[in-house]
Structures are given as C-alpha cells and as structure tokens.
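An overview of the molecular structure
Here is what each chain is made of, one letter per residue.
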Amino acid sequence: MDRAQEIVKQDERTVEKTHELYEATPAVDIYENDNEILLHADMPGVVKENISVDIDNGKLSISGVRKLKTEGAATYTEFSDVEFVRSFSVPQTIDVEKVEAELKNGVLKLHLPKSEAAKPRQIEIKTA
Amino acid sequence: MFTRFGDIDRLFGTMNLLQRKLDNLYGAYGRPSGYKWELESAVPKTNLYEHGDNFEIKAEVPGLEKNNLNVKIQGNYLEISGERRSDAPEGYKTHKTERGVGSFSRSFTLPADVDSTKVKATLKDGVLYLTLPKHEAAKPKKISIN
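A brief look at the structure comes next. All of these numbers come straight from a predicted model, not from anything done at the bench. (Residues numbered from 1 in each chain as written. Chains lettered and ligands numbered in written order. Predicted model: local features only at pLDDT ≥ 70, side-chain atom pairs only at ≥ 80, totals over all residues. Heavy atoms only, no water.)

Describing the overall build of chain A
We apply this condition: To qualify as a helix, a DSSP run of H or I must reach at least 4 residues; to qualify as a strand, a run of E must reach at least 2; elements of each kind are numbered from the N terminus. Think of it in three bands: residues with accessible area under 20% of the maximum for their type are buried, residues over 50% are exposed, and the middle band is partly exposed, with areas taken using a 1.4 Å probe on protein chains only. Only heavy atoms enter the contact rule, under which two residues are in contact if any of them lie within 4.5 Å. Here, Shrake-Rupley sampling with a 1.4 Å probe gives the accessible areas, and only protein chains in the shown set may cover a residue.
The secondary structure content of chain A amounts to one helix and nine strands. When the helices and strands of chain A are placed in sequence order, the string is α-β-β-β-β-β-β-β-β-β. Counting over 128 residues, chain A shows a buried share of 40%. Restricting the contact set of chain A to residue pairs at least 6 apart, pairs at least 24 apart contribute 53%. Within the structure as shown, chain A displays about 8,200 Å² of accessible surface, and the carbon and sulfur contribution to it stands at 46%.

Brief notes about the overall build of chain B
Regarding its fold elements, chain B presents one helix and eight strands. Reading the secondary structure of chain B in the N-to-C direction produces α-β-β-β-β-β-β-β-β. Within chain B, the proportion of its 146 residues that are buried is 31%. Working note: accessible area of chain B is about 9,400 Å², and carbon and sulfur atoms make up 52% of it.

Examining a nonpolar patch on the surface
Here is the rule we go by: Two distance rules govern patches: like charges are joined within 9 Å, and nonpolar side chains (Val, Leu, Ile, Met, Phe, Trp, Tyr) within 5 Å, applied only to residues with over 30% relative accessible area and no salt bridge. Salt-bridge detection follows one rule: a side-chain nitrogen of Lys or Arg within 4 Å of a carboxyl oxygen of Asp or Glu.
A surface patch of nonpolar side chains, about 280 Å² in accessible area, is lined by Leu11, Phe12 and Met15 of chain B. Accessibility expressed as a relative area gives 43% for Phe12 of chain B, which makes it partly exposed.

Looking at the interface of chain A and chain B
Using the following cut-off: Buried area: the sum, over both parts, of the accessible surface (1.4 Å probe) that disappears when the two are put together. In protein, a polar contact means a hydrogen-donor-capable atom and an acceptor-capable atom, both N or O and within 3.5 Å, with residues adjacent in sequence counting only if both atoms are side-chain atoms; elsewhere, any N or O pair within 3.5 Å suffices. Classes in brief: Ala, Val, Leu, Ile, Met, Phe, Trp, Tyr, Cys and Pro nonpolar; Asp, Glu, Lys and Arg charged; the others, Gly included, polar.
With 52 residues of chain A at the interface, the matching set in chain B holds 51 residues. A combined buried area of about 4,600 Å² lies between chain A and chain B, and 49% of that area is made up of carbon and sulfur atoms. The largest contributions to the chain A side of the interface with chain B come from Tyr31, Phe79 and Asn105 of chain A, which together make up 14% of the buried area. On inspection of chain A and its partner chain B, the count reaches seven salt bridges. With its nearest N and O atoms 2.7 Å apart, the salt bridge here joins Arg86 of chain A to Glu98 of chain B. Between the two partners, chain A and chain B, sit 26 residue pairs in polar contact (both at pLDDT 80 or more). Elements supplying a minimum of two residues to the side of chain A that touches chain B: α1 (3-13), β1 (22-24), β2 (28-32), β3 (36-42), β6 (73-76), β7 (82-89) and β9 (107-113) of chain A. Partitioning the side of chain A that touches chain B into residue classes produces 23 nonpolar, 13 polar and 16 charged.

Some details on unusual backbone geometry
Despite not being glycine, Asn57 of chain A has its phi angle at roughly 55 degrees, a positive value. You can see Asn57 of chain A is positioned in the loop between β4 (51-56) and β5 (59-66). Backbone geometry places Asp125 of chain B, a non-glycine residue, at a positive phi of 50 degrees. Following the sequence through the fold, Asp125 of chain B ends up in the loop between β7 (120-124) and β8 (127-133). Its relative accessible area of 24% is what places Asp125 of chain B among the partly exposed residues.

Here's the deal with the sheet that holds strand β3 (residues 69-74) of chain B
All names here are of chain B. Formally: When DSSP finds two or more bridges between a pair of strands, those strands are recorded as paired. Throughout, an axis means a line fitted to C-alpha atoms (over the contacting stretch in the case of helices), and angles, computed between N-to-C directions, take values from 0 to 180 degrees.
Overall, antiparallel pairing links the three strands, which are arranged β3-β4-β6 in an open sheet. If you trace the sheet from one side to the other, it starts and ends with β3 and β6 (102-109), each paired once. When strand polarity is set aside, the average angle formed by the axes of neighbouring strands in this sheet is 10 degrees. Where β3 and strand β4 (residues 77-84) come together, six bridges link them in antiparallel fashion. Across the sheet, Ile73 pairs through a bridge with Leu78, a residue of β4.

Quick look at the structure:
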C-alpha cells in the first residue's frame, strides 16, 4: 500500500463534527417573584419539537433549531435557518422537577419554580 | 497532499467553520447576535422569494398576535406595520429586558405588481408568511413557437 492510499483510508475513519447551522443568541427577558423565575426568549419560527431545555448542575441551557421551508428563488434574505443557543447559571434552589415551558407565537416562556426551602418566609415576632 | 475532491471540501468546511466562529466573536460577543428587536431600528427581518406566479415573503415577528399586525398593498407597494407590546407579567421583579417593545413600519417595493385581492397572510410560530400572486401582466408566460 502506498502512502496516498494510507491517507485516504485514515480520513474515512475520522468523523468530523461541524455545526451546519449558524448559531444565534436569542434575546431574553428575565423576571422573578417569590415563587419562581420566569424567562421569556424570542425564537421566531422554532417549533415545539425542535426545542430542548436542559438543567444540569446549576446550568440551564436552551436550544431551538429553526428549519423553515422555502420555495422559489430568493430575491433577498435577511434571516436564515438558525440554531438559537443560550445558557444561564441558575441557583441550585430551582425545583428541576417542576420546570414548565410553553411556546407561543415564537416566544419560549420558561417557568422555573423555586423549591419550598428557598422561598422567603414571614417570621412571626413574639413579644415576651 | 490532496488525493480526492472530498479532502478539498473538508478543508473549506473547516475554514468556513472558523470564519463563523470569528464572526460570532467580533460581531456581538455576549450579546444577542442580530436577533434583538431594537427600538431604533424596530423592523422585523424579512425574506423575499419569487416562486412562479407568486412572491413569498417571510418576516420574523416573535411575540406578535394577529391583531398587532397590519399588511397593506397597493400595486407593487407593500407595507407591514405592527406593534409589539410588553408581555411582562404582573408582580414580578425585572432582571433583564433584551427583547424590547414598540411599534414598527416597513415598506417594500416589490419587483412587480401584485393582485391585492388574492394575497394570503398567515402567522405561525412568530413568523409572518405572505403569498402575493403576481398581476396578470407580470406572470411568466410560455411562448409557443410556430
């Protein structure tokens, strides 16, 4: 076997992972009250099936892939298929089991409820 | 040594990936990259396609309801306007607002006249889809040869 063939053979074994989609950072609003942290993220054109929300060890990552069907020749384009990616640090006091997500009109709304122990408690003052 | 075209393709693939990383780095590090709805330039991003007898328009309008949007057409003049209202919940403390609110108006001159009576508009997942049939005179015609 000559050297050129060897190179070809090796290349076929190495699988390169490249992101096909352009990555974009979605704009996000964050709100908080005593019970939960609420996160709104703009993800126009993303369908429910293509969204993933992961919470692991205090890190929240959201990702949404947009794949729009296009027909005909493009006269001009200002946006394209994209992967919306963003991650946040969340306090460990978030009750991961009860996290809820809803998607409406291209906006992802994520409810992150605080666990009972983390909620502020009103302490009654007793007079002696 | 390149032994196949596939190798050259792979080389360019790697270069494109690097270029994209650099674009991301210098463009807007840590900020929303081009998907922020800014008040100063509050216009939705729009794509225009030409598809046989129709023009197809797609516009990003996240968070807008049907009744927040207006589409006006006259000849080859198209105007999309609307307003994005705040969806901040009551009784919450605000930590971060990047998404912005406000009204916008954007107008386009299409490459040809459209039949305004047959225009279809759909709003789905925060994207506005418009199908604009071309006016008779602007449609592609097949010429038969005698």
